[in-house]
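Results of the structural survey
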Amino acid sequence: MNFIETIHGRFKCQQSGHCCTSSKILVTLTYLDIFNLFDYLDSDFEQLLRKITFYKVKQNYNSNFIKQLVLSPVNTSDGIILPGLKKLDNEVCIFYHKPSCSIYSSRPLACQNYPFAFIEEEDFILSIWAKNAEKTCPGIGKGNKINKSSLQKSALTYHRIIGEHNRVVENINIEAETGRALTARESLLILLTYAQKSNNSPPS
Ligand code: SF4
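Residues numbered from 1 in each chain as written. Predicted model: local features only at pLDDT ≥ 70, side-chain atom pairs only at ≥ 80, totals over all residues. Heavy atoms only, no water.

**A look at the site of the ligand**
The criterion, for reference: A molecule or strand has a residue near it when one of that residue's heavy atoms lies within 4 Å. Side-chain classes follow a simple rule in which Ala, Val, Leu, Ile, Met, Phe, Trp, Tyr, Cys and Pro form the nonpolar group, Asp, Glu, Lys and Arg form the charged group, and the remainder, Gly included, forms the polar group.
By nearness alone, every residue bordering the ligand is listed as C20, V27, L85, C93, F95, Y96, C101, I103, P108 and C111. Split by residue class, the shell around the ligand holds 10 nonpolar, no polar and no charged.

**Considering helix 8 (residues 184–197)**
Here is the rule we go by: Going along the chain from the N terminus, every DSSP run of H or I of four or more residues is numbered as a helix, and every run of E of two or more is numbered as a strand. Here the expected span of a helix is defined as 1.5 Å times the quantity of residues minus one. Each residue is placed in one exposure class: buried if its accessible area under a 1.4 Å probe, protein chains only, is under 20% of its type's maximum, exposed if it is over 50%, and partly exposed if it falls in between. An arc is given here, and it is the one of the directions from the helix axis to the C-beta atoms. By the convention used here, residues are in contact when the closest approach between their heavy atoms is within 4.5 Å.
If you check helix 8, its first and last C-alpha atoms are 20 Å apart, about what 14 residues at 1.5 Å a residue would give, namely 20 Å. Those residues of helix 8 that sit buried are A184, S187, L188, L191, L192 and A195. Taken down its axis, helix 8 places every buried residue within 140° of arc, on the same side. In the core, the buried residues of helix 8 are packed alongside helix 2 (31–40), helix 3 (45–51), strand 3 (52–56), strand 4 (74–76), strand 5 (79–85) and helix 7 (148–178).

**With respect to the sheet that holds strand 8 (residues 116–120)**
So the rule is basically this: By definition, two strands form a pair when at least two bridges between them are found by DSSP. To obtain an axis, a line is fitted to C-alpha atoms, over the contacting stretch when the element is a helix, and the angle between two such axes runs from 0 to 180 degrees between their N-to-C directions.
Here we have 3 strands laid out as an open sheet, ordered 1-9-8, and mixed in their pairing. Both edges of this open sheet fall to strand 1 (2–5) and strand 8, since each of them pairs with a single strand only. Pairwise comparison of adjacent strand axes, ignoring direction, gives a mean angle of 30° for this sheet. Contacting strand 1, strand 8 and strand 9 (124–129), helix 7 crosses the sheet at an angle of about 55° to strand 8.

**Structural notes on the side chain of R107**
As a reminder, the rule being used: Residues scored as positive are Lys and Arg, those scored as negative are Asp and Glu, and His as well as the terminal groups of each chain are ignored. We define a salt bridge as a contact between a side-chain nitrogen of Lys or Arg and a carboxyl oxygen of Asp or Glu at a distance within 4 Å.
With respect to the element layout, R107 can be found in the loop between strand 7 (100–101) and helix 5 (109–113). Although R107 is buried, it makes no salt bridge; D33 carries the closest opposite charge, 9.6 Å away. If near-sequence neighbours (up to four positions away) are discounted, R107 is found in contact with C101 and Q112.

**Notes on the packing of aromatic side chains**
Cut-off, in case you're wondering: Pairing of aromatic rings covers Phe, Tyr and the six-membered ring of Trp, with a centre-to-centre limit of 6.5 Å; geometry is then stacked below 30 degrees between planes, edge-to-face above 60, and tilted otherwise. In our convention, an over-ring charge means Lys NZ or Arg CZ found within 6 Å of a ring centre and within 35 degrees of that ring's normal.
Summed over the entire model, instances satisfying the criterion amount to 4 aromatic pairs. Ring centres of Y31 and Y194 lie 5.3 Å apart, and the angle between their planes is 75°; this geometry places the pair in the edge-to-face category. One end of the pair, Y31, is in helix 2; the other, Y194, is in helix 8, and 163 residues separate them in sequence. Chaining the aromatic ring pairs together yields one cluster made of F11, F116 and W129. A cation over an aromatic ring shows up here: R107 above the ring of Y104, its NZ or CZ 3.8 Å from the ring centre.

**Observations regarding the pattern of salt bridges**
This structure, assessed with the given rule, holds 3 salt bridges. In this structure, E46 engages R185 in a salt bridge whose closest nitrogen and oxygen atoms are separated by 2.7 Å. Of this pair, E46 sits in helix 3 while R185 sits in helix 8; the two residues are 139 residues apart in sequence, bridging distant segments of the chain. The class for R185 is partly exposed, based on a relative accessible area of 40%. E186 is the partner of R180 in a salt bridge, and the nearest nitrogen-oxygen pair spans 3.3 Å. A relative accessible area of 49% places R180 in the partly exposed class.

See the structure below:
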């Protein structure tokens, strides 16, 4: 997989909390994020469920829209869903305790990469700014020049984790079409169990 850097300039997080408090940003979760959260919450599945929501993907979205989603939606008996972090009523991430993230060392992949995002094409990955980040993230333009090799490392890690996640979801979706659709809760358990079986390590 080749990496193409399409963004240049400087970035340094200003700890503004913007990305954690914006109503326009939803944090969706990979199987590994789910495991890390479970671990952070002392391996309590009910507690984990209280921090997670299942964002519904509308059934009438066309297949092009679905393809644009980084994480494959999960076909469950509760609807087509993407697991993500809950937000409080004021749209603030449930883990944002002003002035910072309360799970910083276990924060999801999407948070680790922000304000960068990656787009996968057939045999290469492009780095881009996350949606609206250039308008809203105060860290862009500050600090040191963006380091190409660390961005490339993040892109390749992202590629491996997302690929693995989507393969697990594909199996859940095949089962939903040919056998019994799992509930959203059961699908979360499958993703968690998968991460536990892969020894809590990112796939290589
Ligand atoms: S998990 Fe942490 S870094 Fe990610 S949105 Fe929530 S508070 Fe912010």
